[in-house]
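Topology and contacts: notes
Here is what each chain is made of, one letter per residue.
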Amino acid sequence: MSKNLTMIQKCARVFRVFVRVGMILSIAGSVFGLVATLLWVRWNNALAGGVTQLDQLMQLVQQGDYYQKLAALIADTIACAFGAVLLSFALSYLTRELSDGMPFVDDTALQLRRLGVLTIVLPIVSVVLQMIPYAVFDLSAPDRLDNTGSVILGVVLILASLVFRYGAELAQSKEMN
């Protein structure tokens, strides 16, 4: 194995660890966000006389703040869930690339292109779904809902898949000779 290929494999192993950690954190964020959303609704709609300190805290929350925080919890849970899905596809790609032993294989290039398309599409779908709670509660959505980075990364992944496919073609033609 060449020195460059060894470096690519080492980087893929490191990225796979980071992706796995990010996926676990995204899943945990989704679960905690869902639990927090359910608890937020429960505590704000519970009859008075439960936990005294909690009742006092909930009296301080104005109705508008209630819906703003509820929309934010729902939107953040959606963002974490879509992040976990996207990272699972990235983990699948990295695992496949490491098992193939080199990135210049047709199947690996095809999977990288698919990852690039998903990197563009999934965050856009996520943002659309994140806007729904704000629209339902007639609130303005925060400015943080932006997809520029994911679109750029998706295009870069698609372009890299073309380079990898070309590398696979060169490797196949070299084997035939």
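Each remark here, short or long, concerns the structure printed above.
Calculation criteria
Residues numbered from 1 in each chain as written. Predicted model: local features only at pLDDT ≥ 70, side-chain atom pairs only at ≥ 80, totals over all residues. Heavy atoms only, no water. Salt bridge = Lys/Arg side-chain N within 4 Å of Asp/Glu carboxyl O. Helix = DSSP H or I, 4+ residues; strand = E, 2+ residues; numbered from the N terminus. Buried < 20%, exposed > 50% of the residue type's maximum accessible area, 1.4 Å probe, protein only. Core = buried A, V, L, I, M, F, W, Y, C linked by side-chain atoms within 4.5 Å. Contact = heavy atoms within 4.5 Å. Expected span 1.5 Å × (residues − 1). Bend = angle between axes of the 7 residues up to and from the residue.

Counted by the stated rule, this structure contains two salt bridges. A salt bridge links D100 to R96, with the nearest nitrogen and oxygen atoms 3.6 Å apart. Taken together, the positions of D100 and R96, both in helix α3 (residues 63–100) and four residues apart, correspond to about one turn of that helix. For D100, a relative accessible area of 30% gives the class partly exposed. With a relative accessible area of 31%, R96 lands in the partly exposed category.

It is worth spelling out the nonpolar core at this point. Counting residues in each nonpolar core, the largest one holds 17 residues, and the members touching the most others are Y93, L112 and L115. For this core, the secondary structure elements donating two or more residues are α1 (3–45), α3, α4 (106–136) and α5 (148–176). Counting residues per element, this core draws most heavily on α3, at seven residues. Setting aside its immediate chain neighbours within four residues, Y93 contacts T108, Q111, L112, L115 and F164.

An ideal rise of 1.5 Å per residue puts 45 Å on 31 residues; α4 measures up with 45 Å between its terminal C-alpha atoms. By the largest-angle criterion, L118 marks the main kink of α4, which is about 25°. Two residues or fewer after α4 comes D138, characterised by a positive phi angle close to 55°.

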